[in-house]
Amino acid sequence: MPIDLFMTQLSPTMTEGKIARWLKKEGDELVSGEVMAEIETDKATMEMEVIDEGILHKILSPEGSIVPVGAPIAVIAEEDEEVPADYEPEGMVAAAGEAPVAEAAPLAAESAPAVQPAPVTAHAADGQADEHELNLKSAGVFNADGEYDVVIIGAGPGGYVAAIRAAQLGFKVACIESTHLGGICLNWGCIPTKALLRTAEVVNVIKHHGAELGLGVSDTNPDIEQAVKRSRGISDKLNKGIGFLFKKNKIEHIEGFATFEAGNKLMVEKDGEKKQVTAKHVIVATGARARAFPGMEVDGEVVITYMKALVPEKLPENLIVIGSGAIGMEFAYFYNAMGSNVTVIEAADQVLPLEDHEISRVVERSFKKQKIKIITGAMVSSAKNVKGKAVVEYTAKGKEEKIEGDVCLVAVGVLGNTDKIGTENTSMKVERNQIEVDDYYRTDHAGIYAIGDVIGAPALAHVASHEGIVCIEAIADKNPHPVDYGNVPGCTYCQPQVGSCGLTEKAAKEAGHEIKVGRMSYAPNGKAMGLAETEGMVKTIFDAATGELLGAHIVGAEATELIVSLQLARTLETTEEDLAHHMFPHPTLSEMIHESVLDSDGKAIHI
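Just so we're clear, the structure is a prediction, and the values are computed from it rather than from any experiment.

(A) Layout of the packing of aromatic side chains. Within this structure, the stated rule accounts for four aromatic pairs. Measuring from ring centre to ring centre gives 5.9 Å for Phe142 and Phe260, while their planes differ by 75°; the resulting arrangement is edge-to-face. Pair noted here: Phe142 is in the loop between strand 8 (72–77) and strand 9 (148–153) and Phe260 is in strand 12 (residues 257–261), with a separation of 118 residues, a long-range link. For the pair shown, Phe142 and Phe260 are each scored as buried.

(B) A look at a negative patch on the surface. Negative charge collects at one region of the surface, where Glu29, Glu53, Glu79 and Asp80 lie side by side. In this fold, Glu53 is placed in the loop between strand 5 (45–49) and strand 6 (54–59). Assessed through its relative accessible area of 36%, Glu53 is described here as partly exposed.

(C) Highlighting the pattern of salt bridges. Going through the model one piece at a time under the given rule, you end up with 31 salt bridges. Here Glu38 makes a salt bridge to Arg21, at a shortest N to O gap of 2.9 Å. One end of the pair, Glu38, is in strand 4 (residues 35–40); the other, Arg21, is in strand 2 (residues 16–22), and 17 residues separate them in sequence. For Arg21, a relative accessible area of 40% puts it in the partly exposed group. A salt bridge links Asp406 to Lys389; its shortest N-O distance comes to 2.5 Å. Linking Asp406 in the loop between strand 23 (399–405) and strand 24 (407–410) with Lys389 in strand 22 (residues 389–396), this pair joins segments that are 17 residues apart in sequence.

(D) Quick look at the pairing of strand 22. As judged from the eight bridges shared by strand 21 (residues 378–386) and strand 22, these two strands associate in the antiparallel manner. Bridging across to strand 22, Asn385 finds its partner in Ala390. Remark: two residues form the turn of the hairpin made by strand 21 and strand 22, two consecutive strands paired antiparallel; Lys387 in that turn has positive phi of roughly 55°. For strand 22 and strand 23, the ladder comprises seven bridges, and the chain directions are antiparallel. Of the residues in strand 23, the one forming a bridge with Val392 is Ile403. Once strand 22 ends, the chain turns through two residues before running back antiparallel as strand 23, passing Lys397 with a positive phi of about 55°.

(E) Region of interest: the sheet that holds strand 19 (residues 341–345). Read across the open sheet, the five strands follow the order 17-24-18-19-20; overall the sheet is parallel. Every interior strand has two partners, whereas the edge strands, strand 17 (303–304) and strand 20 (373–375), have only one. For strand 19 and strand 20, the ladder comprises three bridges, and the chain directions are parallel. In the strand pairing of strand 20, Ile345 is matched with Ile375. Packing against the sheet, helix 6 (residues 326–338) makes contact with strand 18 (318–322), strand 19 and strand 24, and its axis sits at approximately 165° to strand 19.

(F) Local environment of the nonpolar core. Grouped together as the largest cluster of nonpolar side chains are 54 residues, with contacts concentrated most on Ile152, Phe260, Leu266, Ile283, Val284 and Tyr441. If one sorts the elements of this core by residue count, helix 8 (residues 461–475) sits on top with six residues. The contacts of Ile152, once residues within four sequence positions are left out, are Gly159, Ala162, Ala163, Val173, Ala174, Cys175, Ile176, Ile283 and Ala285.

(G) Summary view of helix 4 (residues 224–248). For helix 4, spanning 25 residues, the distance from its first C-alpha to its last is 36 Å, which sits close to the expected 36 Å at 1.5 Å a residue. Residues of helix 4 that are buried make contact with helix 1 (159–168), strand 10 (173–177), helix 2 (183–188), helix 3 (190–209), strand 11 (252–255) and helix 6. Where helix 4 begins, the side chain of Asp223 points an oxygen toward the backbone nitrogen of Glu225, at a separation of 3.1 Å. One or two positions beyond helix 4, positive phi appears at Lys250, with a value near 55°.

(H) The side chain of Gln497, seen in detail. Here Gln497 is to be found in strand 30 (residues 497–502). Reaching out from Gln497, the side chain makes a polar contact with the backbone nitrogen of Ala559 at a distance of 3.3 Å.

(I) Broad picture of the sheet that holds strand 14 (residues 273–276). Read across the open sheet, the three strands follow the order 12-13-14; overall the sheet is antiparallel. Two strands lie at the open edges of the sheet, namely strand 12 and strand 14, each paired on one side alone. Strand after strand, the sheet turns through a mean of 30° between neighbouring axes, direction not considered.

So, how was this worked out
- Along each chain, residue indices are assigned from 1 in the same order as the chain's sequence is written.
- Note on the predicted model: pLDDT of at least 70 is required for a residue's local features to be given, and 80 or more for side-chain atom pairs to be given and counted; whole-chain, interface and lining totals, by contrast, use all residues.
- Computation of side-chain values: all heavy atoms of the structure, hydrogens and water removed.
- Here the aromatic set is Phe, Tyr and Trp, taking the six-membered ring for Trp, and pairing holds for ring centres within 6.5 Å; pairs whose planes are under 30 degrees apart are stacked, those over 60 apart are edge-to-face, and all others are tilted.
- Runs of E in the DSSP output that reach at least two residues are strands. Runs of H or I that reach at least four are helices, and both are numbered from the N terminus.
- Think of it in three bands: residues with accessible area under 20% of the maximum for their type are buried, residues over 50% are exposed, and the middle band is partly exposed, with areas taken using a 1.4 Å probe on protein chains only.
- What makes a patch is a set of residues exposed beyond 30% relative accessible area and free of salt bridges, joined within 9 Å when like-charged and within 5 Å when nonpolar (Val, Leu, Ile, Met, Phe, Trp, Tyr).
- For accessible areas, the Shrake-Rupley method is used with a probe of radius 1.4 Å. Any residue's cover is judged against the shown protein chains and nothing else.
- We define a salt bridge as a side-chain nitrogen of Lys or Arg found within 4 Å of a carboxyl oxygen belonging to Asp or Glu.
- Here Asp and Glu are counted as negative and Lys and Arg as positive; His is not counted, and neither are the chain ends.
- Every charge is mapped onto a representative atom, which is NZ of Lys, CZ of Arg, CG of Asp or CD of Glu.
- Any two strands between which DSSP finds at least two bridges are classified as paired.
- Contact definition: two residues touch when any of their heavy atoms are within 4.5 Å.
- To get an axis, a line is fitted to the C-alpha atoms, and for a helix only the part in contact is used. The angle between two axes follows their N-to-C directions and goes from 0 to 180 degrees.
- What we call a nonpolar core is a set of buried Ala, Val, Leu, Ile, Met, Phe, Trp, Tyr and Cys residues that are connected through their side-chain atoms within 4.5 Å.
- Expected span of a helix: the number of residues minus one, times 1.5 Å.
- Definition of a polar contact: a pair of N or O atoms within 3.5 Å, with one able to donate and the other able to accept a hydrogen when the atoms are protein atoms, and with sequence-neighbouring residues admitted only if both atoms are side-chain atoms.

Spelled out as structure tokens, the structure:
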């Protein structure tokens, strides 16, 4: 599909720019990093670099045009792409002989494709139900005379947190874990990936800003073996930390693999020997594993999942990543920084399909600038090891394509670990590897509960931990507030980072809201300039009638930290007016939140 090119804010006070000179003409190939136009601003003549590669299909603003920030100035197309003759970018006003005009904004809004998070099954519809509206199944106990009050199967971020909270409430607790305390998150997910991403971030800072920052160095020699060693050491340290917390809280760690057997039995097997564990309440927190669709032949050597990607034996020269969710994009960023040539293939029309479309476009542009190839709207039919090479076949724009690499990472989601725990010997309802639960995580089998990835999306560590606490407090009759699945923070830790909560712009409109949208670019922010991190934006979405903060989206440096304040604002039902009146410290990145809120009402100071 065509890519709309907008007038970018090139200085803190810029509201419009004059096209001084086009350095590319219609039909020219655009290569990332090249200068395509010279723009006269209120301060100086500045260069506009190519971010989205392709062919300069049409120039909308000829030389001499004065164009507001955020207005479309050109259309980019892919090679051989047919662009309809009547195609016009969103935000363009038809006026013969006049330059295109649009409302000023740091980055122009783009319509999002029909890709939104699927509704979470078996949870409360909006997460805000009171005790009279709760969706609850029948309560009961698993073994009335059980040795333990609570037994948790799995010691991931859901299981170990539930175990500690249960112990705090005076329950006798055991946690069954067959591998490592901390689960996938601590050992093979959240924690080690963030350690690797820190290496990639420093590499890119030196490479792109080393000279500018006065470091005296502008090149690196990444050592992937050392980076991996450091990440494994951090996971090991935290693993031992959970062991300490178990001892502190008098939680028994039962090593082995748990299964349900007929007759209401919970059995644990280790080294070929089985023993029965009895409990009044049993919580299933077995997590999930990497998913692979038909045709994706994962062999663990050439066609791999995230577990192998965390401990590579050597750096692949060419890496193919299938899937552009958080996992796929984070590994694409890391391997690119370390020196691999990376191609990302995504079935949806945008990378990070669950994020606001405007935000995902910023990430895509940044990745292309980093020489990461992005292919969207591509359906993969096969991924195989062919004579030691990863060969991926896919269909895009009606054409069958093939790409070859040294390694292919399959990152297309996760599958709940339900198939080997004996669910068939219980009355739990399981569909597509997801256990059905109510708002307090009760299953259809008395005394059995389930939390975390094993009950379905959103498959996030912080969600599992929160569910574990609600589940335990419900068992203890503490009448907990159910989890608000409409305000789960989403975080992607590549650079630029992405943090989001609430509704996307498209979802807000589809829900029938009349909205006000505010935006603030990182580019004019003094703290961002000092950090040499001027790429990104803050976007806030309000209900025009009530001032309710419907959604918040940040892309750029420290977005995953900044989003917390806006998520908390939604929890506290803070309005647009409240945020506008709040004093933000200077100089900080958080000031961009204030400016975005003010922009939604046309009151922004630094735009």
